[in-house]
Amino acid sequence: MVKESIYIKDYGKIPVEYDETKYRIDCIDKLNVLTIHRLSDNKIIYISNPYPTYAVQIDLDKQTHFVIGNHKEHCNKLCDYILDDGEDYVRLKDEFETEYWCLDDIRIGNHTFKVEDDHYSARLYNLKDLSELFDRIYMDNKMLCKNNIILVEKRWFTFTSETIEEKIRYFIDVDTLECVSPIHSTLQNRFIPIYTKQEIKEKAKQLEKLGKYLDIDRSPFSITEDLEIIKYYQLLISYVSGSKIYNDIDNDTLEIKEDYVRKFGLKK
């Protein structure tokens, strides 16, 4: 793969990466667009929109991808194109908005990208799958491990008589988008191992005795998250909100919680 910069008039230099034995990426100055030529037959297989911000060829699972960035009217987009065998032009597979136009700000490892950003919150796209929404993805190089894993964070918060916030943090594999570490709960201040298959079966039996059902076909991570994190978070909310004197009906109306007030048991 060759890595170089191409100058786009009125925009500046942008990074491009491609297999120089199979393709050539050029710029049409008057149009401010990129073109991708296939060397085997000298056909133009792609013409970009005006003002592209990067162009990266990635070969993954015997499939050729061209990841192209585009900036237009304060909107940054990442477009994932693929070139099918026997085709003369690339096909758009997926496209996403991104917070940043610079490739270094969104690329993680070889083929994973931070997309659908909203300041801190974002998803990860690895050219195969799209992750759930994370409230924060730690892009600090010191957080990135050599074996292609990255630290992510999710949070829940509720305003009752006091603010209750739960944050969980864990490492995920950017190739599989699966959790590869224990989960740390800031609310419980502990690390929670992911349930094993045997533990899930035992939990299912325990819940069945209580007349409850556990879908054991779900991922071990989601089962662990539900039973060890969300369950206790909701219990705490219920406990705290249970001591309120008023129920919130709407923004302007309060209703006395009569059941709670009666528990004071006034002396006769």
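Note: the structure precedes this text.
Everything numeric here is computed off the predicted structure, so don't read it as measured data.

### Let's talk about the pattern of salt bridges
Working step 1: This model, assessed by the stated rule, comprises 16 salt bridges.
Working step 2: Between Lys114 and Asp117 there is a salt bridge, with the nearest N and O atoms lying 3.6 Å from each other.
Working step 3: For Asp117, a relative accessible area of 13% translates into the label buried.
Working step 4: One salt bridge in this structure joins Glu165 and Arg155, with 3.1 Å as the shortest N-O distance. Of the two residues, Glu165 sits in strand β15 (residues 163-173) while Arg155 sits in strand β14 (residues 149-159), which places them ten residues apart along the sequence.
Working step 5: Classification of Arg155 by relative accessible area gives partly exposed; the value is 36%.
Working step 6: Salt bridges sharing common partners tie together Arg38, Asp41, Lys43 and Asp88.

### Considerations on the sheet that holds strand β5 (residues 43-47)
Working step 1: Pairing within the open sheet is antiparallel, and its three strands lie in the order β3-β4-β5. Every interior strand has two partners, whereas the edge strands, β3 (23-28) and β5, have only one. Strand-to-strand twist of the sheet, defined as the mean angle between neighbouring strand axes without regard to direction, takes the value 30°.
Working step 2: Pairing geometry for β3 and strand β4 (residues 33-38), over six bridges, is antiparallel. Counterpart to Arg24 in the pairing with β4 is His37.

### Observations regarding the layout of surface pockets
Working step 1: Of the voids in this model, the largest pocket is the one considered here, and its volume is about 300 Å³.
Working step 2: Looking at the lining of the largest pocket, the elements that each hand over two or more residues are β15 and α3 (220-241).
Working step 3: Broken down by element, the residue count for the lining of the largest pocket peaks at three residues, all from α3.
Working step 4: The class makeup of the residues in the lining of the largest pocket is eight nonpolar, three polar and two charged.
Working step 5: Computed from the structure, the second largest pocket encloses a volume of approximately 230 Å³.
Working step 6: If you go around the second largest pocket, the residues you meet are Tyr195, Lys203, Gln206, Leu207, Leu210, Lys212, Tyr213, Asp226, Leu227, Glu228, Lys231 and Tyr232.

### Some words on unusual backbone geometry
The bulk of non-glycine residues show a negative phi, and the bulk of peptide bonds are trans.
Working step 1: Even without glycine at this site, Lys62 takes up a positive phi of about 60°.
Working step 2: Checked against the element boundaries, Lys62 lands in the loop between β6 (52-60) and β7 (63-72).
Working step 3: Look at Leu177: it is not a glycine, yet its phi comes out positive at around 60°.
Working step 4: Within the secondary structure, Leu177 sits in the loop between β15 and β16 (183-185).

### A word on a positive patch on the surface
Working step 1: Together, Lys197, Lys201, Lys205 and Lys209 make up a region of like positive charge exposed at the surface.
Working step 2: The class for Lys209 is exposed, based on a relative accessible area of 76%.

### Points about the environment of Ile229
Working step 1: Here Ile229 is to be found in helix α3.
Working step 2: C-alpha of Ile229 to C-alpha of Ile183: the two residues are 46 residues apart in sequence and 9.3 Å apart in space.
Working step 3: For Ile229, the residues in contact, after removing those within four places along its chain, are Trp156, Glu166, Ile168, Ile183, Gln188, Ile192 and Thr224.

### Considering the packing of aromatic side chains
Working step 1: Inspection of the entire model under this criterion finds six aromatic pairs.
Working step 2: Taken together, a centroid distance of 4.7 Å and an interplanar angle of 50° make the contact between Phe96 and Tyr125 tilted. Taken as a pair, Phe96 in strand β9 (residues 91-98) and Tyr125 in strand β12 (residues 121-125) lie far apart in primary sequence, 29 residues in all. Tyr125 shares its class with Phe96; the two are buried.
Working step 3: Relative to Tyr233, the ring of Trp156 has its centre 6.5 Å away and its plane inclined at 40°; by these criteria the two rings are tilted. Taken together, the residues span a long stretch of sequence, with Trp156 in strand β14 and Tyr233 in helix α3 at a distance of 77 residues.
Working step 4: What links up through ring pairs into an aromatic cluster is the set Phe134, Tyr170 and Phe221.

### Considering helix α2 (residues 197-209)
Working step 1: Between its first and last C-alpha, α2 extends 19 Å over 13 residues, near the 18 Å set by a 1.5 Å rise per residue.
Working step 2: If you check which residues of α2 are buried, you get Ile200, Ala204 and Leu207. For α2, the arc enclosing every buried residue in end-on projection is 70°, short of the 170-degree limit, so these residues lie on one face. Relative to its buried face, α2 has exposed residues pointing more than 90 degrees away, namely Lys205 and Lys209.

Calculation notes
- Residues numbered from 1 in each chain as written.
- Predicted model: local features only at pLDDT ≥ 70, side-chain atom pairs only at ≥ 80, totals over all residues.
- Heavy atoms only, no water.
- Salt bridge = Lys/Arg side-chain N within 4 Å of Asp/Glu carboxyl O.
- Buried < 20%, exposed > 50% of the residue type's maximum accessible area, 1.4 Å probe, protein only.
- Helix = DSSP H or I, 4+ residues; strand = E, 2+ residues; numbered from the N terminus.
- Pairing = 2+ DSSP bridges.
- Axes fitted to C-alpha atoms, helices over the stretch in contact; angles between N-to-C directions.
- 1 Å grid on protein atoms, 1.4 Å probe; cavity = no way out; pocket = protein on both sides within 12 Å on 5 of 7 lines; lining within 4 Å.
- Points joined across faces, edges and corners; volume = space filled by probe spheres on them.
- Nonpolar A, V, L, I, M, F, W, Y, C, P; charged D, E, K, R; others polar.
- Patch = residues over 30% accessible without salt bridge, like charges linked within 9 Å, V, L, I, M, F, W, Y side chains within 5 Å.
- Areas by Shrake-Rupley, 256 points an atom, 1.4 Å probe, with all protein chains shown as cover.
- Lys, Arg positive; Asp, Glu negative; His and termini not counted.
- Charge placed at Lys NZ, Arg CZ, Asp CG, Glu CD.
- Contact = heavy atoms within 4.5 Å.
- Phe/Tyr/Trp six-rings, centres within 6.5 Å; stacked < 30°, edge-to-face > 60°.
- Expected span 1.5 Å × (residues − 1).
- Arc of directions from axis to C-beta.

These figures come from the coordinates and say nothing about function on their own.
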